[in-house]
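Below are the chains, spelled out letter by letter.
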Amino acid sequence: MNNSPVIGVLALQGDVREHLIALASADAVARPVRRPEELAEVDALVIPGGESTTMSKLAVLFGMLEPLRERVRSGMPVYGTCAGMIMLADKLLGGREDQETLGGIDMIVRRNAFGRQNESFEASIDFAGIAGGPVEGVFIRAPWVESVGAAAEVLAEYDGHTIAVRQGNVLATSFHPELTGDHRVHAYFVDMVRAGS
């Protein structure tokens, strides 16, 4: 891999374009991923925000669920925001009975924990490992992490709740850094990808 890793953004649903822009600004080659053959061509993947139940259904429909699980299990770097965090949880609270996750982080995540759409908010977040002061986070029907296992590292909290977690090559945030113009979280992920290559 050269110094510009190829990072896909899962383009089944959600704010794909904003992630593509944020990744490109962090010197990655960013491309949308909808099919297993496109997934096979990327070094890493971002799972965007959106609606986690819809996303899991579309992943099944597009034949992506098992290929995604396999790539996560085999150590591909993955970053999930909001619904992406839900997709990367080993266990889920408040989800539908048939809702599928990919796993990857030993954490229990509660869907819509910060409230409904009209309770969306922005906050400054102290994020471990990111220099330059707090990052801006946009919370839209955001989940939070109820608990993490021993292998998972908490990187940020807000109002007493865990909102950013990393386990090995897998990163997840409750909030949407891609909506702020501050691309340091994406740069942090791109550095993770480079370090793992």
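Note that the coordinates shown come from a computational prediction; the quantities given were computed from them, not determined experimentally.

How would you summarise the pattern of salt bridges if you had to cite specific residues and measurements?
Enumeration over the complete set of coordinates arrives at 9 salt bridges. Note that Glu37 and Arg35 form a salt bridge whose closest N and O atoms lie 3.4 Å from each other. You can call Glu37 partly exposed: its relative accessible area is 47%. Here Arg35 falls in the partly exposed class, since its relative accessible area comes to 39%. Here Glu38 makes a salt bridge to Arg35, at a shortest N to O gap of 3.2 Å. Classification of Glu38 by relative accessible area gives buried; the value is 19%.

How would you sum up the nonpolar core? Please name residues and give values.
Counting 33 residues, the largest nonpolar core has Ile7, Ile125, Phe127, Phe139, Leu171 and Phe189 as its most contacted members. Every element with two or more residues in this core is listed here: β1 (6-10), α1 (16-25), β3 (44-47), β7 (121-125), β8 (135-139), β10 (153-158), β11 (161-167) and α6 (184-196). For this core, the element with the highest residue contribution is α6, accounting for 6 residues.

Tell me about unusual backbone geometry, residues and numbers included.
For Asp27, which is not a glycine, the phi torsion comes out positive at approximately 65°. Among the secondary structure elements, Asp27 is positioned in the loop between α1 and β2 (29-33).

Requested: an account of the layout of surface pockets, with residues and values cited.
By volume, the largest pocket amounts to about 200 Å³. As for the largest pocket, its lining consists of 15 residues, of which Gly50, Glu51, Cys82, Ile140 and Arg141 are closest to the centre.

Please provide a residue-by-residue account of the side chain of Thr101, values included.
If you trace the backbone, Thr101 turns up in the loop between β5 (89-93) and β6 (105-110). Residue class for Thr101 comes out buried when judged on its relative accessible area of 15%. Polar contacts involving the side chain of Thr101 include one to the main-chain carbonyl oxygen of Ala89, which spans 3.0 Å. Non-local contacts of Thr101, meaning those with residues more than four positions away in its chain, are made with Arg69, Ile86, Met87, Ala89, Asp90 and Leu92.

So, how was this worked out
Here the residue numbering is sequential within each chain, running from 1 through the sequence in written order. Whole-chain, interface and lining totals are the exception, using all residues; otherwise, since this is a predicted model, local features are given only for residues with pLDDT of at least 70 and side-chain atom pairs are given and counted only at 80 or more. Only hydrogens and water are removed before side-chain values are computed, so all heavy atoms of the structure are retained for them. We define a salt bridge as a contact between a side-chain nitrogen of Lys or Arg and a carboxyl oxygen of Asp or Glu at a distance within 4 Å. Each residue is assigned to one of three classes by its accessible area relative to the maximum for its type, calculated with a 1.4 Å probe on protein chains only: buried under 20%, partly exposed between the two thresholds, exposed over 50%. Within this scheme, the nonpolar core is defined by two criteria: the residues are buried Ala, Val, Leu, Ile, Met, Phe, Trp, Tyr or Cys, and they are joined through side-chain atoms within 4.5 Å. Helix numbers and strand numbers start at the N terminus; a helix is a DSSP run of H or I with at least 4 residues, a strand a run of E with at least 2. Points on a 1 Å grid, built from protein atoms alone, make a cavity when a 1.4 Å probe fits but cannot get out and make a pocket when they are open with protein on both sides within 12 Å along at least 5 of 7 lines; residues with an atom within 4 Å of a point are the lining residues. Grid points are joined across faces, edges and corners, and a volume is the space filled by probe spheres set on the points. Each polar contact in these results corresponds to two N or O atoms within 3.5 Å; when the atoms are within protein, one needs to be able to donate a hydrogen and the other to accept it, and residues that are neighboring in sequence are counted only if both atoms are side-chain atoms. It only takes one pair of heavy atoms within 4.5 Å for two residues to be counted as in contact.

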